[in-house]
Amino acid sequence: MENIILTGDRPTGKLHLGHYVGSLKERVKMQNDANYKDMYLMIADSQALTDNFSNPNKVRDNIIEVALDYLSVGIDPNKVTIFIQSQVSALTELTFYYMNLVTVSRLKRNPTVKSEINLRGFNNSIPAGFFTYPISQAADITAFKANIVPVGEDQLPMIEQTKEIVHTFNNIYDEVLVMPHAVLPSNKVCFRLPGTDGKNKMSKSLGNCIYLSDDSDTLKKKVMSMYTDPNHIRVDDPGKIEGNVVFTYLDAFCEDEHFEKFMPEYKNLEQLKAHYQKGGVGDIKIKKFLYNILDSILEPIRIKRHEYEGKIGYVYEILKKGSKKASDTANETLNEVKNAMRINYFIDKDFINKYSYKE
Ligand code: ATP
Ligand code: MG
């Protein structure tokens, strides 16, 4: 089987380091790998509206921002179809048909939806659209017959839900839909990168992000005010690594070559960790090291972003063309789905022969 990839991001803000290690880096690798035939990259504006419906301008303004983030990390629009979810109407239609295959109690049990409902304080006034967004995610994935979905850990329950829908659909109707598989980052610490405040996930909605487009000064401020070990007061005090966000980030971003470049007195992260735990390494020192690493990763991304900002008409064309191509593909799947569901009245030969007007 040929590998087809679908992933996406909500245009609720600019993309951050969690996106980078959780999914974007993997996508850039995959686009250059001959084992993958097609990649679709979706800007999930319809999904973003399920909890931002009263703030449409926020979603609208972030469409181009997310596209710029994609291009600046190295997504190649000649290899990848970048599109906008709302412009592919087949996705909405598929969602409607899949709704029959899912129970309300199953949706209530989805742990990601549960925690996002709490986070947003919806209590008993959950918008129906938000409650059912795992179903629309199943439509997004299956419309492109994607079998590979690179995501962060928080999305695993969504892929489970999609698998159930695929299974049920293929069982009841016909073997039309392809079973997807989630692909998590290769480095475990990147499954769910914490926020700069130590909260368990860096997330646009929590305001604890380092954005890919942050300039050097902003980056420095954010790193310098990061959460470490509250009991590590003097340099000589032994320090804790667990729950120390600076070390979590070092686990996610640091390579041996960074020591050569920025901290030659240590060979690798293990040595630095051992010294910190024993006592004798100050928080400022490790924060400066992390800042240097992150700045060296973000600098080429900033430069590329700047280039694309100067040719925004080109970015607009990429989105327009990508949305048209995605629509064509999704319409093909929608037709197969409608055939399988027996709702293809005006293109079905049997139906036409039986009922159409004859001389
Ligand atoms: P929002 O707060 O609006 O939900 P978000 O920051 O959670 O935004 P999404 O657009 O929901 O970002 O997520 C897009 C993709 O990035 C998903 O695959 C998700 O798993 C991944 N991702 C988001 N945040 C992180 C993180 N902190 N660590 C690892 N992966 C992440
Ligand atoms: Mg999210």
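Computed from a predicted structure; not experimentally measured. (Residues numbered from 1 in each chain as written. Chains lettered and ligands numbered in written order. Predicted model: local features only at pLDDT ≥ 70, side-chain atom pairs only at ≥ 80, totals over all residues. Heavy atoms only, no water.)

1. Observations concerning the nonpolar core
In step 1: Grouped together as the largest cluster of nonpolar side chains are 62 residues, with contacts concentrated most on Leu17, Ile82, Tyr249, Leu250, Phe253 and Leu272.
In step 2: At 10 residues, helix α14 (residues 283-309) tops the list of elements feeding residues into this core.
In step 3: No fewer than three residues from each of domain 1 (4-192 + 312-355) and domain 2 (216-308) sit in this core.
In step 4: Core analysis: the next-biggest nonpolar cluster, separate from the first, contains 37 residues, Val102, Val149, Phe169 and Val176 among them. (Core = buried A, V, L, I, M, F, W, Y, C linked by side-chain atoms within 4.5 Å. Buried < 20%, exposed > 50% of the residue type's maximum accessible area, 1.4 Å probe, protein only. Helix = DSSP H or I, 4+ residues; strand = E, 2+ residues; numbered from the N terminus. Domains from an automatic or database assignment.)

2. Structural notes on the domain arrangement of the protein
In step 1: Annotation of the protein at the domain level lists domain 1 (4-192 + 312-355) and domain 2 (216-308).
In step 2: Counting residues at the interface gives 17 residues for domain 1, matched by 12 residues for domain 2.
In step 3: Of the roughly 1,300 Å² buried where domain 1 meets domain 2, counting both sides, 67% is carbon and sulfur surface.
In step 4: Where domain 1 packs against domain 2, one counts 2 salt bridges.
In step 5: Note that Glu65 and Arg305 form a salt bridge whose closest N and O atoms lie 2.9 Å from each other.
In step 6: Summed over the shared surface of domain 1 and domain 2, the result is 4 residue pairs in polar contact (both at pLDDT 80 or more). (Contact = heavy atoms within 4.5 Å. Buried area = accessible area lost by both parts, 1.4 Å probe. Salt bridge = Lys/Arg side-chain N within 4 Å of Asp/Glu carboxyl O. Polar contact = N/O pair within 3.5 Å; in protein donor to acceptor, adjacent residues only side chain to side chain.)

3. Re the site of ligand 1
In step 1: In the vicinity of ligand 1 lie 22 residues, with Thr12, Asp154, Lys201, Ser203 and Ser205 positioned nearest.
In step 2: Arg10 is positioned such that a nitrogen or oxygen atom in its backbone is 3.0 Å from an oxygen atom of ligand 1.
In step 3: One of the side-chain N or O atoms of Asp154 is found 2.5 Å from an oxygen atom in ligand 1.
In step 4: Look at ligand 1: alone it shows 600 Å² of surface, and the protein chains cover 97% of it.
In step 5: Going through the elements one at a time, β1 (3-9) and α1 (17-31) are the ones with two or more residues in the shell around ligand 1.
In step 6: With 3 residues, the top contributor of residues to the shell around ligand 1 is α1. (Near = heavy atom within 4 Å. Areas by Shrake-Rupley, 256 points an atom, 1.4 Å probe, with all protein chains shown as cover.)

4. Some words on a nonpolar patch on the surface
In step 1: A cluster of nonpolar residues, Tyr345, Phe346, Phe351 and Tyr355, forms a patch on the protein surface that exposes about 480 Å² of accessible area.
In step 2: With respect to the helices and strands, the residue Phe346 is situated in the loop between α15 (312-340) and α16 (349-355). (Patch = residues over 30% accessible without salt bridge, like charges linked within 9 Å, V, L, I, M, F, W, Y side chains within 5 Å.)

5. Considerations on the packing of aromatic side chains
In step 1: Inspection of the entire model under this criterion finds 14 aromatic pairs.
In step 2: Consider the rings of Tyr308 and Tyr314, whose centres lie 6.3 Å apart with planes at 10 degrees: the pair is stacked.
In step 3: When its relative accessible area of 11% is taken as the criterion, Tyr308 is described as buried.
In step 4: Taking relative accessible area as the criterion, Tyr314 reaches 37% and is therefore assigned partly exposed.
In step 5: The rings of Tyr345, Phe346, Phe351 and Tyr355 are connected pair by pair, giving a single aromatic cluster.
In step 6: A cation over an aromatic ring shows up here: Lys311 above the ring of Tyr314, its NZ or CZ 5.3 Å from the ring centre. (Phe/Tyr/Trp six-rings, centres within 6.5 Å; stacked < 30°, edge-to-face > 60°. Lys NZ or Arg CZ within 6 Å of the ring centre and 35° of its normal.)

6. With respect to the pattern of salt bridges
In step 1: If you walk through the whole model with that rule in mind, you get 21 salt bridges.
In step 2: Between Arg305 and Glu309 there is a salt bridge whose closest N-O contact spans 3.0 Å. Of this pair, Arg305 and Glu309 are both found in helix α14, 4 residues apart, which corresponds to roughly one turn of the helix.
In step 3: Under the relative-accessibility criterion, Arg305 is labelled buried at 4%.

7. Remarks on unusual backbone geometry
In step 1: Although it is not a glycine, Asn123 sits at a positive phi angle of roughly 45 degrees.
In step 2: Tracing the backbone through its elements, the reader meets Asn123 in the loop between α6 (111-119) and α7 (128-131).
In step 3: Take Asn123: its relative accessible area is 60%, and that puts it in the exposed class.
In step 4: A positive phi angle is found at Lys145, which is not glycine, with a value near 55 degrees.
In step 5: The residue Lys145 is located in the loop between α8 (133-143) and β4 (148-150) in this model.

8. Focus: a negative patch on the surface
In step 1: On the surface, a cluster of negative charge is contributed by Glu255, Asp256, Glu257 and Glu260.
In step 2: Structurally, Glu260 is set in helix α12 (residues 256-262). (Lys, Arg positive; Asp, Glu negative; His and termini not counted. Charge placed at Lys NZ, Arg CZ, Asp CG, Glu CD.)

9. Looking at the pairing of strand β3 (residues 80-84)
In step 1: Within β3, 5 of the 5 residues are buried, leaving the element largely enclosed by the surrounding structure.
In step 2: Alternating positions in β3 separate into two faces, Val80, Ile82 and Ile84 on one and Thr81 and Phe83 on the other, with burial throughout.

10. As for the state of the cysteines
In step 1: Scanning all chains against the criterion turns up 0 disulfides.
In step 2: The thiol sulfur of Cys254 is not disulfide-bonded, and the nearest other cysteine sulfur, from Cys190, lies at 12 Å. (Disulfide = S-S within 2.5 Å.)

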